[in-house]
Amino acid sequence: MLNIAVFCSGKGTNLQAIIKTIHEKDIEAKVSLIISDKEKAYCLERAKHAKIRAIFVNPKNFPSKQKFENRIIGYLKEENIGLIVLAGFMRMLSPFFVQNYSNKILNIHPSLLPAFKGSANAVADALDYGMKITGTTVHFVDEKLDNGPIVLQRAVEIAENDNEDSLRQKIQQQEHILYPLAIQLFVEGRLKIEGRRVEINPENYNPQD
Ligand code: GAR
C-alpha cells in the first residue's frame, strides 16, 4: 500500500476527488497525510471529515524555507510517504525538497503547459489572452516552476460567454478525472520518465476511464 500526502492551500476539490476515486477504484494507495500552509483552508475540513491526519504548517513560524520544509519532511517520514500530490498548493518547493522526493511529486496546473507556466491564476490569464482552448496538466515536479515532465493533459474549449467562474468549473471537472487517473498510473508503476517524456505502460490503461 502506497502512502500519499496531499499538499493544498485552498478548497480541496481535487483532494476530494482523489480520496473518492482511490476508494471507488480500490487503488492500492492511501491518502495518509494532508499538509496545508493556510490555516483556514477548506481542504483541512475535508481531511477531518475523511478522518485523515491533517496538519497546518505555518510558514511564518519558521526562520527559513529550509526549516519549514524540514518540518514537513519530518511529517512525511512519520507516515512513510511514497508520493506527494500538490493539489492547489500555492507555494514553490525548494530544490532541496524536490531532490529529497525526486520523481515522487506530482502537480496539477489549470492550463495546457507550457502555456501560462508560473501563473497564479492561469484560468483568468487564458481568458484575458483570448484563448479558444485551455485545459489542465498533471506533471512531475522538478526544480523549476510548472516545468517537470508531463503525465497527462486534457483540453477544455472556451465558449464566448465563459467567465472566470464558468471556465474554472469546466477545467476542474476535467481535473477531478485526470488527477486521480495520473495517481492511479503512478501507484500501479505504469509511468516511466524518459527525459521530458513520460511513457505510459498501456497495460490496463484506458484514457476514457
Ligand atoms: C486547481 O484548479 C489547480 O489546478 C490549481 O488550484 C486549484 C485548486 O483547487 N493549481 C494551481 O493553480 C497551481 N499553480 P482545489 O483546492 O479545489 O483542488
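Residues numbered from 1 in each chain as written. Predicted model: local features only at pLDDT ≥ 70, side-chain atom pairs only at ≥ 80, totals over all residues. Heavy atoms only, no water.

A. Region of the structure containing unusual backbone geometry. Of the consecutive residues Leu 113 and Pro 114, the connecting peptide bond is found in the cis state with omega at 10°. Secondary-structure assignment places Pro 114 in the loop between strand S5 (105-109) and helix H5 (122-129). In this structure, Asn 103 is a non-glycine residue whose phi angle is positive, near 60°. Tracing the backbone through its elements, the reader meets Asn 103 in the loop between helix H4 (95-100) and S5. Non-glycine residue Asp 146 carries a positive phi angle of around 55°. Note that Asp 146 resides in the loop between strand S6 (133-140) and strand S7 (150-157). Residue class for Asp 146 comes out buried when judged on its relative accessible area of 10%. (Helix = DSSP H or I, 4+ residues; strand = E, 2+ residues; numbered from the N terminus. Buried < 20%, exposed > 50% of the residue type's maximum accessible area, 1.4 Å probe, protein only.)

B. Summary view of the packing of aromatic side chains. One pass over the full model with this rule turns up 6 aromatic pairs. Between Phe 7 and Phe 89, the aromatic rings sit 5.3 Å apart at their centres with planes inclined by 70°, giving edge-to-face as the arrangement. With Phe 7 in strand S1 (residues 2-8) and Phe 89 in the loop between strand S4 (81-86) and H4, this pair connects stretches of sequence that are 82 residues apart. Take Phe 7: its relative accessible area is 0%, and that puts it in the buried class. Phe 89 gets classed as buried once you look at its relative accessible area, which sits at 6%. (Phe/Tyr/Trp six-rings, centres within 6.5 Å; stacked < 30°, edge-to-face > 60°.)

C. Region of the structure containing the pairing of strand S3 (residues 53-56). Pairing analysis gives 4 bridges linking strand S2 (residues 29-36) to S3, with the strands arranged parallel. Its bridge partner lying in S3, Ser 36 is registered against Phe 56. Handedness of the S2-helix H2 (residues 42-49)-S3 crossover: right-handed. (Pairing = 2+ DSSP bridges. Right-handed = clockwise from strand over helix to strand, strands pointing away.)

D. Highlighting the nonpolar core. Counting 34 residues, the largest nonpolar core has Val 31, Val 151, Tyr 179 and Ile 183 as the members making the most contacts within it. If you tally residues by element for this core, the top one is helix H6 (residues 164-187), at 8 residues. Tyr 179 has contacts with Asn 14, Ile 18, Val 85, Leu 86, Ala 87, Leu 106, Asn 107, Ile 108 and Val 138, leaving out every residue within four places of it along the chain. Listed in part, the 22 residues of the second largest apolar core include Ala 5, Ile 72, Ile 84 and Val 141. (Core = buried A, V, L, I, M, F, W, Y, C linked by side-chain atoms within 4.5 Å. Contact = heavy atoms within 4.5 Å.)

E. Focus on helix H3 (residues 65-78). Helix length check: H3 (14 residues) gives 20 Å between terminal C-alpha atoms against 20 Å at 1.5 Å per residue, within 8%. The complete set of buried residues in H3 reads Phe 68, Glu 69, Ile 72, Ile 73, Tyr 75 and Leu 76. Projection of H3 onto a plane perpendicular to its axis shows the buried side chains occupying an angular sector of 160°, all on one side. When the buried face of H3 is taken as reference, the exposed residues oriented beyond 90 degrees from it are Lys 77 and Glu 78. (Expected span 1.5 Å × (residues − 1). Arc of directions from axis to C-beta.)

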